[in-house]
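Remarks on the overall topology
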Amino acid sequence: MPERSGGLPEYEVIALKYATRAGARPDHFVGGDPHDVPMPMDYYVWVVRDATRLFLIDTGFNADMALKRHRTLLRRPAEALALLGIAPADVREIVITHLHNDHIGTFDEFPAARFHLQDDEMAFATGRYMCCERFNRAYEVEHVAGVIRLAYQDRIDFHRGDAEIAPGLSVHRIGGHTAGLQAVRVHTTRGWVVLASDASHYYEHFENNRCFPLVFHVGEVLEGYARLLALADSPAHVVPGHDPLVMRRYPALSTALAGIAARLDLPPSASSPTPNLPAAGH
Ligand SMILES: [Zn+2]
């Protein structure tokens, strides 16, 4: 058992699945993959809460974006939050892991919120590399313009590297996927859980040192895996950002919300080997 950190809040941490898309293994790894088999991608936002505090991690995307980018929106992020009894006006603090469209997309639906963002992400999304389609393709210029407006409204808390945003809750810049992505470390009853977001899209990325093809700096991606593992109490405390296995490994918040809301503050079931591969025959 990890050592308990005395006096820190023990948060409930919930992964909320709001969208999905089809895909195949070669789509998800630099260098491709010899197994050309389906490997769907799920989309999540995350809720961190205790009796007195509530934090939303990322804001997902809306129906227009799902249509434009050929994804299946299962429920709007705000609708997913409503399943937990959370109204948009209840959300006062939002951590944006990075500004890709599937992480910042519905920011304008939370009028009472302040946002936590890394300096490096703001600079990246508004700077020279956005001239390059390879790096701008996952951003939406109207989202980025909206975030600039938030800055002018003094609604963003900018961070540089590591920052504690509440007792038992901190953000940590992990470059690589973008220049300024931040992972989130949360204290729970089972110890320190790390929400990797796109610092590791799937379990396989950090477990096998593989890299997702949408990447700014491969070296920082690989260094990031070591950082995620150092921040977490064990590999089973690292939660990847887009892996359908998250919904299978963690207990559902309730029977009614199985496959929609999972409790990440509770231990996962034992991991299955090579989870996204066919059982045999290769
Ligand atoms: Zn991303």
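Calculation rules
Residues numbered from 1 in each chain as written. Predicted model: local features only at pLDDT ≥ 70, side-chain atom pairs only at ≥ 80, totals over all residues. Heavy atoms only, no water. Core = buried A, V, L, I, M, F, W, Y, C linked by side-chain atoms within 4.5 Å. Buried < 20%, exposed > 50% of the residue type's maximum accessible area, 1.4 Å probe, protein only. Helix = DSSP H or I, 4+ residues; strand = E, 2+ residues; numbered from the N terminus. Contact = heavy atoms within 4.5 Å. Donors = N, O, S within 2.8 Å, 3.2 Å for Na, K, Ca; no water. Tetrahedral: all angles 85-135°; square planar, octahedral: opposite > 155°, others 65-115°. Phe/Tyr/Trp six-rings, centres within 6.5 Å; stacked < 30°, edge-to-face > 60°. Salt bridge = Lys/Arg side-chain N within 4 Å of Asp/Glu carboxyl O. Polar contact = N/O pair within 3.5 Å; in protein donor to acceptor, adjacent residues only side chain to side chain.

1. Regarding the nonpolar core
- Grouped together as the largest cluster of nonpolar side chains are 44 residues, with contacts concentrated most on Leu 16, Val 47, Leu 56, Leu 84, Ile 94, Leu 99 and Phe 115.
- Of all elements in the fold, only β1 (12-21), β2 (41-49), α1 (63-68), α2 (77-82), β6 (114-118), α4 (119-125) and α6 (141-152) reach the threshold of two or more residues within this core.
- Those residues in contact with Leu 56, other than ones at most four positions away along the chain, are Val 45, Trp 46, Val 47, Leu 81, Val 91, Glu 93, Ile 94, Val 95 and Phe 110.
- Formed by 41 residues, the second largest nonpolar core is a distinct cluster that contains Ala 15, Val 186, Ala 232 and Tyr 250.

2. Re the coordination of the zinc ion
- In the first shell of the zinc ion, the protein supplies His 98 (NE2), His 100 (ND1), His 177 (NE2) and Asp 198 (OD), at 2.2 Å from the metal.
- Coordination at the zinc ion is irregular: its four donor atoms span angles of 88 to 175° at the metal.
- All donors of the zinc ion belong to a single chain; written as a sequence motif, their spacing is H-x1-H-x76-H-x20-D. With His 100 in the loop between β5 (93-95) and α3 (101-104) and Asp 198 in the loop between β11 (191-197) and α7 (203-208), the pair connects residues that are 98 residues apart, well separated along the chain.
- The buried category is assigned to His 100, whose relative accessible area is 3%.

3. Examining the packing of aromatic side chains
- Within the structure shown, the criterion is met by 13 aromatic pairs.
- Residues Tyr 11 and Phe 55 carry aromatic rings whose centres are separated by 6.4 Å and whose planes lie at 80° to one another, so their mutual orientation is edge-to-face. One end of the pair, Tyr 11, is in the segment before β1; the other, Phe 55, is in strand β3 (residues 54-57), and 44 residues separate them in sequence.
- In this structure Phe 55 comes out as buried when scored by relative accessible area, which is 2%.
- Measuring from centroid to centroid gives 6.1 Å for Phe 124 and Tyr 139, while their planes differ by 65°, and the two rings are edge-to-face. Here the residue Phe 124 occupies a position in helix α4, and Tyr 139 occupies one in the loop between α5 (133-136) and α6, the gap between them amounting to 15 residues.
- Connected via pairs of aromatic rings, a cluster forms that spans Phe 124, Tyr 129, Phe 135, Tyr 139 and Phe 216.

4. Focus on the pattern of salt bridges
- Applying the stated criterion across every chain, the model contains 19 salt bridges.
- Between Glu 109 and Arg 76 there is a salt bridge, with its nearest N and O atoms 3.0 Å apart. Separated by 33 residues along the polypeptide, Glu 109 in the loop between α3 and β6 and Arg 76 in the loop between β4 (72-73) and α2 bring together distant segments of the chain.
- Arg 76 gets classed as partly exposed once you look at its relative accessible area, which sits at 32%.
- One salt-bridge network, in which partners are shared between bridges, spans Glu 12, Arg 49, Arg 263 and Asp 265.

5. A few points about the side chain of Asp 42
- Its location among the elements puts Asp 42 in strand β2.
- Residue class for Asp 42 comes out buried when judged on its relative accessible area of 4%.
- For Asp 42, the side chain forms a polar contact with the side chain of Lys 17, separated by 3.2 Å.
- There is a polar contact of 2.7 Å between the side chain of Asp 42 and the side chain of Thr 20.
- The residues touching Asp 42, leaving out its near neighbours within four places in the chain, are Lys 17, Ala 19, Thr 20, Gly 241, His 242 and Pro 244.

6. Quick notes on the environment of Leu 229
- Structurally, Leu 229 can be placed in helix α8 (residues 218-231).
- Along the sequence, Leu 229 and Glu 207 sit 22 residues apart, while their C-alpha atoms lie 9.8 Å from each other.
- If we skip the residues at most four places from it in the chain, Leu 229 touches Phe 206, Pro 235 and Val 238.

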